[in-house]
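Topology and contacts: notes
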Amino acid sequence: MNIKEFYEKTEELYPRSLSCAWDNDGLMCSPGAVYEVERVLVCLDATEDAVQYAAENGFDTILCHHPMIFSGLKSVTPENSVGRKVICALMNNISVISLHTRLDAGEGGVNDALASALGLENVRKFGDAESPELGRIGEIKEEMTLLELASHVKAALNAPRVELSCADSDDKVKTVAVVGGSGKEFVFPAKAAGADVIVIGEGSYNFILDAAQDEMNVITAGHFYTEDVVCKKLAVLAKEIAGAEVEIYNSNMIITL
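From a predicted model like this one, the values you see are computed outputs, not experimental measurements.

In this section: the sheet that holds strand β9 (residues 197–202). Backbone-to-backbone hydrogen bonds pair the strands of a sheet. The strands run either parallel or antiparallel. The strand order β5-β6-β8-β9-β10-β7 describes an open sheet built from 6 strands, whose pairing is mixed. In the strand order of this sheet, the two ends are held by β5 (121–126) and β7 (163–165), each with one partner. Going across the sheet, the axis of each strand differs from the next one's by a mean of 30°, ignoring polarity. One ladder, built from 4 bridges, connects β9 with strand β10 (residues 217–220); its direction is parallel. Of the residues in β10, the one forming a bridge with Val-197 is Asn-217. Against the sheet, helix α6 (residues 146–156) contacts β6 (135–145), β7, β8 (172–182), β9 and β10, and its axis sits at roughly 120° relative to β6.

This is how it looks when you write it as structure tokens:
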């Protein structure tokens, strides 16, 4: 299967129509449709290290979540990281596919993977006006205090730290919403959907503080840790679609001390 066919198959599962209007996901770069997809490197971010690793280890495709090229490029030179990544990829016959907000919203994508990692049941969709089906909401098996839930989230995501914003950490909760990555826009839609608490990757300090005072509990667990759970899904996708050899690369560059 060549890269054009492979990308078309991913688009059938996660069409561009699911992406937010501001997003720039899809086929980031490719040396041409004739190249076969045989070795796929899966990662959350196509960092310079990830692209270099792919080049040094004979990968022909990088399948990632965050767009390698997000803003419009005015030039491609080694003077900046995006230019260096594009040059390295093309010089080594590597195609890069980024599935961003379409993977957040799509079936089995980021937020379904996050809900599954936290053990939510009866999972259904919710969202805001722009992305009505992006978030997920469900129930934990048994009620927990907010503090217990925060500890559960930390362990389930292997996160080095989580933050809990609430009025009373001893309050018991049952219905949990999740949005991986930056999720502050979904905090109050989650409350309207019936959630007792929402788990997100990150949100601004003042907003999260205000949310707690407006009776909406928020757990922030880190952008990387709330989304990296989807890499296993991407690995399965690459194997099933192309029969490719797949490896997951840890692209986390954030160090928590």
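On we go from here.
This paragraph deals with the packing of aromatic side chains. All told, the structure shown has 6 aromatic pairs when counted by the stated rule. Ring geometry for Trp-22 and Phe-70: centres 6.1 Å apart, planes at 55°, overall tilted. With a gap of 48 residues between them, Trp-22 in the loop between α1 (3–13) and β1 (26–29) and Phe-70 in the loop between β3 (61–64) and α3 (81–91) connect regions that are remote in the sequence. Looking at Trp-22, the relative accessible area reads 47%, which means it is partly exposed. Between Phe-126 and Phe-186, the ring centres sit 6.5 Å apart and the planes meet at 85°, which makes this aromatic pair edge-to-face. With Phe-126 in strand β5 and Phe-186 in the loop between β8 and α7 (187–192), this residue pair connects regions lying 60 residues apart in the sequence. Classification of Phe-186 as buried rests on a relative accessible area of 6%. Taken together, Tyr-53, Phe-59 and Tyr-249 form an aromatic cluster joined through their ring pairs. For the cation-ring pair, Arg-39 lies above Phe-59, with the distance from its terminal atom to the ring centre recorded as 4.1 Å.

With that settled, consider the layout of surface pockets. Estimated volume of the largest pocket: approximately 590 Å³. Along the walls of the largest pocket sit 30 residues, with Gly-201, Glu-202, Ala-221, Gly-222 and His-223 positioned nearest its centre. Listed by contribution, the elements that provide at least two residues to the lining of the largest pocket are β7, β9, α8 (205–213), β10 and α9 (223–227). Split by residue class, the lining of the largest pocket holds 14 nonpolar, 12 polar and 4 charged.

One open sheet accounts for 5 strands, arranged β1-β4-β3-β2-β11; its pairing is mixed. Every interior strand has two partners, whereas the edge strands, β1 and β11 (245–248), have only one. The sheet shows a mean angle of 25° between the axes of neighbouring strands, taken without regard to direction. As paired strands, β3 and strand β4 (residues 95–98) are joined by 4 bridges and run parallel to one another. Counterpart to Cys-64 in the pairing with β4 is Ser-98. Across the face of the sheet, helix α2 (residues 48–56) comes into contact with β2 (39–43), β3 and β11 while running at roughly 165° to β2.

To continue, consider the pattern of salt bridges. With the rule as written, the count across this model stands at 11 salt bridges. The salt bridge partner of Arg-102 is Asp-25, with a shortest N-O separation of 3.1 Å. Of this pair, Arg-102 sits in helix α4 (residues 101–105) while Asp-25 is found in the loop between α1 and β1, placing the two residues 77 residues apart along the sequence. There is no split in this pair, since Arg-102 and Asp-25 are both buried. Counted as one network, the salt bridges with shared partners bring together Glu-11, Arg-16, Asp-25 and Arg-102.

Attention now goes to helix α5 (residues 110–117). The buried count for α5 comes to 6 of 8 residues, which makes it a mostly enclosed element. The set of residues buried in α5 consists of Val-110, Asn-111, Asp-112, Ala-113, Leu-114 and Ala-115. Looking at the buried positions of α5, the neighbouring elements they touch are α4, β5, β6, β8 and α9. One or two residues past the end of α5 sits Gly-119, with phi positive at roughly 75°.

Next up on the list: the packing of α2 against α3. At a minimum axis separation of 10 Å, α2 and α3 run at an interaxial angle of 10°. As the angle between them shows, α2 and α3 are arranged roughly parallel. Contact residues: Glu-48, Val-51, Gln-52 and Ala-55 in α2; Ser-81, Arg-84, Lys-85, Cys-88 and Ala-89 in α3. Across the contact of α2 with α3, the residue classes tally to 4 nonpolar, 2 polar and 3 charged.

Calculation criteria
Residues numbered from 1 in each chain as written. Predicted model: local features only at pLDDT ≥ 70, side-chain atom pairs only at ≥ 80, totals over all residues. Heavy atoms only, no water. Pairing = 2+ DSSP bridges. Helix = DSSP H or I, 4+ residues; strand = E, 2+ residues; numbered from the N terminus. Axes fitted to C-alpha atoms, helices over the stretch in contact; angles between N-to-C directions. Contact = heavy atoms within 4.5 Å. Phe/Tyr/Trp six-rings, centres within 6.5 Å; stacked < 30°, edge-to-face > 60°. Buried < 20%, exposed > 50% of the residue type's maximum accessible area, 1.4 Å probe, protein only. Lys NZ or Arg CZ within 6 Å of the ring centre and 35° of its normal. 1 Å grid on protein atoms, 1.4 Å probe; cavity = no way out; pocket = protein on both sides within 12 Å on 5 of 7 lines; lining within 4 Å. Points joined across faces, edges and corners; volume = space filled by probe spheres on them. Nonpolar A, V, L, I, M, F, W, Y, C, P; charged D, E, K, R; others polar. Salt bridge = Lys/Arg side-chain N within 4 Å of Asp/Glu carboxyl O. Parallel < 35°, antiparallel > 145°, perpendicular 65-115°, else oblique.

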